[in-house]
Amino acid sequence: MAKKTTMDAARTTVKAGNATAPAGAPQNAAQTARTPQNAARAAQTPQNAAQAARTPQNAGQAAGKPRNTQAAGAESNGSFPTLEVRNLSISFGGLKAVDGFNVVIEKGQLYGLIGPNGAGKTTVFNLLTGVYKPDTGTIHLDGKNITGKKTIEINQEGIARTFQNIRLFKDLSVLDNVKVGLHNHHKYSTLEGILRLPSFYKVEKEMNERAMELLSVFDLDKECDYKASNLPYGKQRKLEIARALATDPKLLLLDEPAAGMNPNETSELMETIRFVREKFGMTILLIEHDMKLVAGICEKLTVLNFGQVLTQGDTSEVLNDRRVITAYLGE
Ligand SMILES: Nc1ncnc2c1ncn2[C@@H]1O[C@H](COP(=O)(O)OP(=O)(O)OP(=O)(O)O)[C@@H](O)[C@H]1O
Ligand SMILES: [Mg+2]
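Bear in mind the structure is a predicted one, so any value in this text is a computation, not a measurement.

Helix and strand content of the chain: 15 helices and 10 strands. Here the chain, with 331 residues, has 40% of them falling under the buried criterion. The contacts in the chain between residues at least 6 apart in sequence include a share of 69% that link residues at least 24 apart.

The next subject is the sheet that holds strand E10 (residues 308-314). The 6 strands lie next to each other as E6-E7-E8-E3-E9-E10, forming an open sheet whose pairing is mixed. Of all strands in the sheet, those bounded by a partner on one side alone are strand E6 (159-161) and E10. Taking each pair of neighbouring strands and ignoring which way they run, the sheet shows an average axis angle of 20 degrees. Lying on the sheet, helix H6 (residues 121-128) is in contact with strand E3 (110-114), E6, strand E7 (251-255), strand E8 (283-287) and strand E9 (300-305); it crosses E7 at an angle near 150 degrees.

Contacts to ligand 1 come from 14 residues, most closely from Phe 92, Ala 97, Lys 121, Thr 122 and Thr 123. At the level of secondary structure, the elements contributing two or more residues to the shell around ligand 1 comprise strand E2 (95-105) and H6. In terms of residue count, the dominant contributor to the shell around ligand 1 is H6 (3 residues). Across the shell around ligand 1, the residue classes break down as 6 nonpolar, 7 polar and 1 charged.

In space, the 4 strands of this open sheet follow the order E2-E1-E4-E5, with antiparallel pairing throughout. Two strands in the sheet have a free side with no partner beyond their single neighbour: E2 and strand E5 (144-145). Sheet topology note: the strand E1 (residues 83-92)/strand E4 (residues 136-141) ladder contains 5 bridges and is antiparallel. Bridging across to E4, Arg 86 finds its partner in Thr 138. Its contacts with the sheet put H6 on E1, E2 and E4, and the angle it makes with E2 is roughly 70 degrees.

Turning our eyes to something else, we now look at the environment of Ala 258. By the element assignment, Ala 258 lies in the loop between E7 and helix H12 (263-280). The spacing of Ala 258 and His 289 is 31 residues in sequence and 8.4 Å in space, taken between C-alpha atoms.

Direction vectors running N to C along helix H8 (residues 174-182) and helix H11 (residues 233-246) enclose 30 degrees, while the axes themselves pass 6 Å from each other. The angle between H8 and H11 places the two elements in the roughly parallel class. Seen from above, H8 lies across H11 with right-handed handedness. On the side of H8, the interface is formed by Val 174, Asn 177, Val 178, Val 180, Gly 181 and Leu 182, while H11 contributes Leu 239, Ala 242, Arg 243, Ala 244 and Ala 246. Among the residues forming the contact of H8 with H11, the class breakdown is 8 nonpolar, 2 polar and 1 charged.

If you check H12, its first and last C-alpha atoms are 25 Å apart, about what 18 residues at 1.5 Å a residue would give, namely 26 Å. Where H12 is buried, its residues contact E3, H11, E8 and helix H13 (291-297). One or two positions beyond H12, positive phi appears at Gly 281, with a value near 60 degrees.

Scoring rules and cut-offs
Residues numbered from 1 in each chain as written. Chains lettered and ligands numbered in written order. Predicted model: local features only at pLDDT ≥ 70, side-chain atom pairs only at ≥ 80, totals over all residues. Helix = DSSP H or I, 4+ residues; strand = E, 2+ residues; numbered from the N terminus. Buried ≥ 20, exposed ≤ 12 C-beta atoms within 10 Å, placed from the backbone. Contact = placed C-beta atoms within 7 Å. Pairing = 2+ DSSP bridges. Axes fitted to C-alpha atoms, helices over the stretch in contact; angles between N-to-C directions. Near = placed C-beta within 6 Å. Nonpolar A, V, L, I, M, F, W, Y, C, P; charged D, E, K, R; others polar. Parallel < 35°, antiparallel > 145°, perpendicular 65-115°, else oblique. Left-handed = near helix turned anticlockwise from the far one by under 90°. Expected span 1.5 Å × (residues − 1).

Pasting the structure below:
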């Protein structure tokens, strides 16, 4: 089990049917709302159904379009899935943290990765972003094999992430945190920077404008001069997403974005994630324990349990799957 930090301990979000909860502990109302069963009901609301049908890919799936099962294969129209992972595994000592993981995520999809504590979810993100090198398996981004590349290269290829425990440059301003992310695409040479050549000011101006644009998406523009560490917790989480988006990714990975948020902040975050998908046409894979959030915004889910895929498919079906409920409740 991963060692928990103070931030984890301070979470107010109750983890769904937390497998580590004492057996027979009474479930409070918040927990009840976050069990897979209840979440599945929420996923079947007309709003969610309409939302799920909005993207062309989902319309295709609804129309019975076959799922892409080729390894890194192009679909009939010649385009690739944004992410295609095959047989991904890694062991730490004797522990198979991720064991034969597969997933295919189409462009524009909002995809959830769920599972009990210690199931291997964050390890999957660490494998996708080159923090760990897999023992087996392949990772294709937009048809390109990125397996084994370094973290910085993978970010430049188009995968950006946020972390389970927020990692901001705490002493930098809110604006500068976003500008750090913009350096993938806005560049000036060291010499231009030292000599303060006109090209330096031009790039700086473009970066300031772009950063402010991104901050306004997250309603953080008024706090642009604040030190990042002075923002309230919910806003720090949003700033991390803004910084990840600044790298202009094809795929955005969010590791427990609602952790530590109160219910109001969580519903606001759901709207923001939806908005990011719509506005930027972003493909998003998110890890989350808050089943209300998962059911409210994810179109597809993969459930990990003990490092292995327990099941995957449409959100409402997965959340109604008896095996998923059992895995969460540890029965
Ligand atoms: N670097 C590492 N060295 C040794 N074991 C590790 C390492 N990283 C992860 N693990 C182990 O791999 C397993 C999966 O951990 P991981 O953090 O991926 O779980 P998780 O599904 O993200 O859990 P949570 O919901 O609690 O965040 C755990 O048993 C963890 O202790
Ligand atoms: Mg984790």
